[in-house]
Amino acid sequence: MNEETTILKTTDWVKGTSIKGEMVIGFIDSLSMVQGAVYVTVAESDNAEIVGLTIPIAVQQVETLPEIAPKDTAQLEDLIDLALQTGDREWFKELTGELNGKKRAIKIQTN
């Protein structure tokens, strides 16, 4: 078999199916190759109760999402909220820096 293999790493955005069959979109918090699982911090799901939680998902049940940079301040603000919910200080700093840069650029354009 000539299967394409994807190397998963922490902070990768993925979509997949939880053990309970829930659709999940989130980012990899950690990996356990021994268990064959990734621990995904849920950003979106068809089960609102698991949003913000970190859940295990079998490696075979996830696929990476293409990297797309946020384009507007509303998207950045939503991601900042998620970074706060998950306690990810580095991601929070990165996002707030990007948001502040966008706000400065808008201010310069309007002057």
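Details of the structure are given in the entry above.
Structural notes, computed from the coordinates. From a predicted model like this one, the values you see are computed outputs, not experimental measurements.

Looking only at helices and strands, one finds two helices and five strands in the protein chain. In the protein chain, the succession of helices and strands from N to C terminus is β-β-β-β-β-α-α. Expressed as a percentage of its 111 residues, the buried residues of the protein chain come to 28%. Restricting the contact set of the protein chain to residue pairs at least 6 apart, pairs at least 24 apart contribute 36%. With the model as given, the accessible surface of the protein chain reaches about 7,900 Å², and the carbon-plus-sulfur share is 51%.

Quick look at the pairing of strand S3 (residues 37-45) now. Across eight bridges, the pairing between strand S2 (residues 23-32) and S3 is antiparallel. What sits directly across from Ser30, in S3, is Tyr39. Connecting S2 to the next strand, S3, in antiparallel fashion are four residues, including Gly36 with a positive phi near 65°. Inspection of the sheet shows S3 paired to strand S4 (residues 54-58) by five bridges, in the antiparallel sense. Bridging across to S4, Val40 finds its partner in Ile55.

Below, the discussion takes up the sheet that holds S2. Read from one edge to the other, the open sheet built from five strands follows the order S4-S3-S2-S1-S5, with strand pairing classed as antiparallel. Lying at the two open borders of the sheet, with one neighbouring strand each, are S4 and strand S5 (62-64). The sheet shows a mean angle of 45° between the axes of neighbouring strands, taken without regard to direction.

A few words now on the environment of Tyr39. Summarising the element assignment, Tyr39 is placed in strand S3. When the C-alpha positions of Tyr39 and Pro56 are compared, they lie 4.3 Å apart, and in sequence the two are 17 residues distant. The residues touching Tyr39, leaving out its near neighbours within four places in the chain, are Phe27, Ile28, Asp29, Ser30, Ser32, Thr54, Ile55 and Pro56. A polar atom in the side chain of Tyr39 sits 2.6 Å from the side chain of Gln35.

Rules behind the numbers
- Residues numbered from 1 in each chain as written.
- Predicted model: local features only at pLDDT ≥ 70, side-chain atom pairs only at ≥ 80, totals over all residues.
- Heavy atoms only, no water.
- Helix = DSSP H or I, 4+ residues; strand = E, 2+ residues; numbered from the N terminus.
- Buried < 20%, exposed > 50% of the residue type's maximum accessible area, 1.4 Å probe, protein only.
- Contact = heavy atoms within 4.5 Å.
- Areas by Shrake-Rupley, 256 points an atom, 1.4 Å probe, with all protein chains shown as cover.
- Pairing = 2+ DSSP bridges.
- Axes fitted to C-alpha atoms, helices over the stretch in contact; angles between N-to-C directions.
- Polar contact = N/O pair within 3.5 Å; in protein donor to acceptor, adjacent residues only side chain to side chain.

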